[in-house]
Amino acid sequence: MALTPAQLLDELMGPNRNALPNEAKSELHWSDDNVCKRFLCGFCPSQLFTNTRSDLGPCEKIHDENLRQLYKKSKRNGKMQYEEDFLRYLQSIMADVERRIRRGHQRLSLNAKTKENKDISQEDEEKVMEISRDINALIPQVEELGSEGRVDEAQALTEQIDKLKEQRERIQAVVISIIKDPMSNQDKQMEVCETCGAFLIVGDAQSRVDDHLMGKQHMGYAKIKLTIEELLVIFVHHFLFMCMYYW
Ligand SMILES: [Zn+2]
Ligand SMILES: [Zn+2]
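Source: prediction; values computed, not measured.

Procedures and definitions
Residues numbered from 1 in each chain as written. Chains lettered and ligands numbered in written order. Predicted model: local features only at pLDDT ≥ 70, side-chain atom pairs only at ≥ 80, totals over all residues. Heavy atoms only, no water. Helix = DSSP H or I, 4+ residues; strand = E, 2+ residues; numbered from the N terminus. Buried < 20%, exposed > 50% of the residue type's maximum accessible area, 1.4 Å probe, protein only. Contact = heavy atoms within 4.5 Å. Patch = residues over 30% accessible without salt bridge, like charges linked within 9 Å, V, L, I, M, F, W, Y side chains within 5 Å. Areas by Shrake-Rupley, 256 points an atom, 1.4 Å probe, with all protein chains shown as cover. Salt bridge = Lys/Arg side-chain N within 4 Å of Asp/Glu carboxyl O. Donors = N, O, S within 2.8 Å, 3.2 Å for Na, K, Ca; no water. Tetrahedral: all angles 85-135°; square planar, octahedral: opposite > 155°, others 65-115°. Polar contact = N/O pair within 3.5 Å; in protein donor to acceptor, adjacent residues only side chain to side chain. Phe/Tyr/Trp six-rings, centres within 6.5 Å; stacked < 30°, edge-to-face > 60°.

Draft legend 1. Geometry of the overall build of the chain. Secondary structure summary: the chain contains 7 helices and 2 strands in total. The N-to-C order of helical and strand elements in the chain reads α-α-α-α-α-β-β-α-α. Residues counted as buried form 30% of the 247 residues belonging to the chain. Considering only contacts within the chain whose residues lie at least 6 apart along the sequence, 68% involve residues at least 24 apart.

Here it is as structure tokens:
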């Protein structure tokens, strides 16, 4: 969704953009409802994945560096439940990507099975050709028997040809269903990125590996993962400190 001109200016210059340098700044406080608390805690995830398939949509709240600094210096820093909410939100984003990673693994194992089928399909194709050869050999015999007036024998051979044709159609139907599966035509070995869930080619060129690692989605999820770990360490330290304090 596009930002309105006012939102864009807020992003670029901060919400106090209209205040003159020596003028008292507006009354905006970091605890106000319209201030993004995730941004105060570190960053707003809505800004990480813009225009990717992981796009979280725009955040309507104010992101202001000045307010973040004021929150950092405030005595109430860390006591507002903002960090706890931030952690829960980041964990919910990671839960989604972990589901995507699991689905990716399932797809790859299915793909491996289809590949086995593909080998079988080559066998099948040979079989189809063999049957076609048999049919082609039988047709002149039927004509010959017919011209000699040996109707019963000609009839029996025609039935045999029909059975062969049915057999050929059955095999062809299976072969077509395998060929139609798009993943079965993927000859390169694939793997799932354990950070962002993207499909990667095993042993791909280093430049493409680097492009992936520097990409918006991978970097975004790596940042979220790291932040979750950092927040958990902080919470454990707080908890231990509190235990010692009250003991
Ligand atoms: Zn935000
Ligand atoms: Zn990745």
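Draft legend 2. Region of interest: a nonpolar patch on the surface. Taken together, V209, L213, M214 and M219 make up a surface patch of nonpolar side chains, about 360 Å² in accessible area. For L213, the location among the structural elements is in helix 6 (residues 206-213). L213 sits in the partly exposed class, given a relative accessible area of 39%.

Draft legend 3. Quick peek at the coordination of the zinc ion (ligand 1). Here the zinc ion (ligand 1) is held by the protein donor atoms C36 (SG), C44 (SG), C59 (SG) and H63 (NE2), which lie 2.1 to 2.3 Å from it. Here the zinc ion (ligand 1) is ringed by 4 donor atoms whose angles at the metal span 104 to 116°, and the overall shape comes out tetrahedral.

Draft legend 4. How the structure looks around the environment of L157. Looking at the element boundaries, L157 is found in helix 5 (residues 151-180). L157 sits in the buried class, given a relative accessible area of 12%. Spatially, the C-alpha atoms of L157 and L138 are 7.3 Å apart, while their sequence positions differ by 19 residues. When sequence neighbours within four positions are dropped, the list of residues in contact with L157 reads L138, Q141, V142 and L145.

Draft legend 5. Representation of the environment of Y221. You can see Y221 is positioned in helix 7 (residues 216-246). Separated by 128 residues in the primary sequence, Y221 and I93 place their C-alpha atoms 8.6 Å from one another. One polar contact links Y221 to S54, side chain to side chain, over a distance of 3.1 Å.

Draft legend 6. Highlighting unusual backbone geometry. For N51, which is not glycine, the phi dihedral falls at a positive 60°. Assignment of secondary structure puts N51 in the loop between helix 2 (37-41) and helix 3 (65-73). On the accessibility criterion, N51 (74% relative accessible area) is exposed. One non-glycine residue, Q81, adopts positive backbone phi at about 70°. Here Q81 is to be found in the loop between helix 3 and helix 4 (82-147). With relative accessibility at 44%, the residue Q81 sits in the partly exposed group.

Draft legend 7. View of the packing of aromatic side chains. Inspection of every chain in the model, using the stated rule, returns 5 aromatic pairs. Here W30 and Y71 contribute two aromatic rings whose centre-to-centre distance is 4.9 Å and whose plane-to-plane angle is 65°, an arrangement assigned as edge-to-face. A residue pair is termed long-range when its members are at least 10 positions apart, and W30 in the loop between helix 1 (5-13) and helix 2 and Y71 in helix 3 qualify at 41 residues. Judged by its relative accessible area of 3%, W30 falls in the buried class. Taking the relative accessible area as the measure of exposure, Y71 reaches 1% and is therefore buried. Note on F43 and F86: the rings are 5.4 Å apart at their centroids and 75° apart in plane angle, and the pair reads as edge-to-face.

Draft legend 8. Highlighting the pattern of salt bridges. Under the counting rule described, the total for this entry stands at 6 salt bridges. For R99, the salt bridge goes to D96, with nearest N and O atoms at 2.4 Å. Of this pair, R99 and D96 both sit in helix 4, 3 residues apart, which is roughly one turn of that helix. Relative accessible area serves as the criterion here: at 39%, R99 is assigned to the partly exposed category. In this structure, E153 and R150 form a salt bridge, with 3.0 Å as the shortest nitrogen-oxygen distance. Accessibility expressed as a relative area gives 40% for E153, which makes it partly exposed.

Functional significance is not addressed by these values, which are geometric in nature.
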